[in-house]
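Residues per chain are reported as follows:
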Amino acid sequence: MRCHIVMMMGILHGQESMLKWISPRIANTTKECPPMVGIPRQPLPEEGTIICTMSSPIICYIQCLSSMVSKVHEFISSPIKRKRMIYSKTPIETLTKKQIKKVLQFCAEWCYENMGVNNRKRSGLTYSFGKEEDGFYGFYCPVNNHIHVSLTECKTVGRLTSTFIHEYTHYLQPVRTKYIPALITHGYWNNPFEVEARMTEKKFNRYLLSDLRAK
Ligand SMILES: [Zn+2]
């Protein structure tokens, strides 16, 4: 029987979650090591390795399987790689440019699959984002067949995705010829194209967001 006893005490401030992860596993260990059949040997921390501590020093003896040690290694070496969930209320300013691009790409693909496509358009739909502070969440340009969203005005992920859905609805509508006459007749808020776009936002946004989270 191969047995590895690893002394773990350490200095990783603020890693309470690490201790929570380890504690139940320590509690379950016994003096007898389970046989390590079928588990490949992996590099182990040396006995006495300093791994974690809180305000008072904690010394734990862990009879550990190689797999457990590799999990601990994984936990320590890649806390940043762990996936951060994106929620409706996640502030846009906390996302990187790369993450924003991914969210918008997801929106475009999701809308395409779930809301359909406008076959009257000769060119493919394009989209972009910027940091305008003009009071507009976004706009759709029927001439260029282009959606633009403002990251400054859309302060949360939920607002960004609902804006994308709103503008995508305009892309599906015959806005090029009929939007302005409807605007003159009904005004902005009662314009049937706007009413429909707002309804579509409400209808689809939570489904898009839950698909985005599940990704
Ligand atoms: Zn609109």
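See the structure printed just above.
The structure displayed is predicted, hence computed values, not measured ones.

Rules used in this analysis
Residues numbered from 1 in each chain as written. Predicted model: local features only at pLDDT ≥ 70, side-chain atom pairs only at ≥ 80, totals over all residues. Helix = DSSP H or I, 4+ residues; strand = E, 2+ residues; numbered from the N terminus. Contact = placed C-beta atoms within 7 Å. Expected span 1.5 Å × (residues − 1). Bend = angle between axes of the 7 residues up to and from the residue. Buried ≥ 20, exposed ≤ 12 C-beta atoms within 10 Å, placed from the backbone. Pairing = 2+ DSSP bridges. Axes fitted to C-alpha atoms, helices over the stretch in contact; angles between N-to-C directions.

Asker: Explain the overall build of the protein chain here, please?
Answerer: The helix and strand inventory of the protein chain stands at six helices and five strands. Each helix and strand of the protein chain, ordered N terminal to C terminal, gives the series β-α-β-α-α-β-β-β-α-α-α. Contacts spanning at least 24 positions in sequence make up 71% of the contacts within the protein chain whose residues lie at least 6 apart.

Asker: Is there a simple way to explain helix α6 (residues 192–214) in this structure?
Answerer: Note: α-helices contain 3.6 residues per turn, so residues at a spacing of three or four share the same orientation. With 23 residues, α6 should cover 33 Å at 1.5 Å per step; its first-to-last C-alpha distance of 33 Å lies within 8% of that length. At F204, α6 shows its largest kink, close to 40°. Every buried residue belonging to α6 is among E194, A197, T200, E201, F204, L208 and L212, and all of these are buried.

Asker: Whenever I open this one, the environment of F204 confuses me. Can you help?
Answerer: Among the structural elements, F204 can be located in helix α6. Of the residues examined, F204 has 21 C-beta atoms within 10 Å and is grouped as buried. For F204 and I165, which are 39 residues apart along the polypeptide, the C-alpha to C-alpha distance reads 7.6 Å.

Asker: Sorry, what's going on with the sheet that holds strand β5 (residues 146–150) here?
Answerer: Sheet strands associate in pairs through backbone hydrogen bonding, adopting either a parallel or an antiparallel arrangement. One open sheet accounts for three strands, arranged β3-β5-β4; its pairing is mixed. Of all strands in the sheet, those bounded by a partner on one side alone are β3 (126–130) and β4 (138–141). Here the strands of the sheet are splayed against their neighbours by 15° on average, with no regard to which way each runs. Inspection of the sheet shows β4 paired to β5 by four bridges, in the antiparallel sense. Paired with C141 across the two strands is H146, which belongs to β5. Of the strands in this sheet, β4 and β5 are in contact with helix α4 (residues 157–172), which crosses β5 at around 155°.

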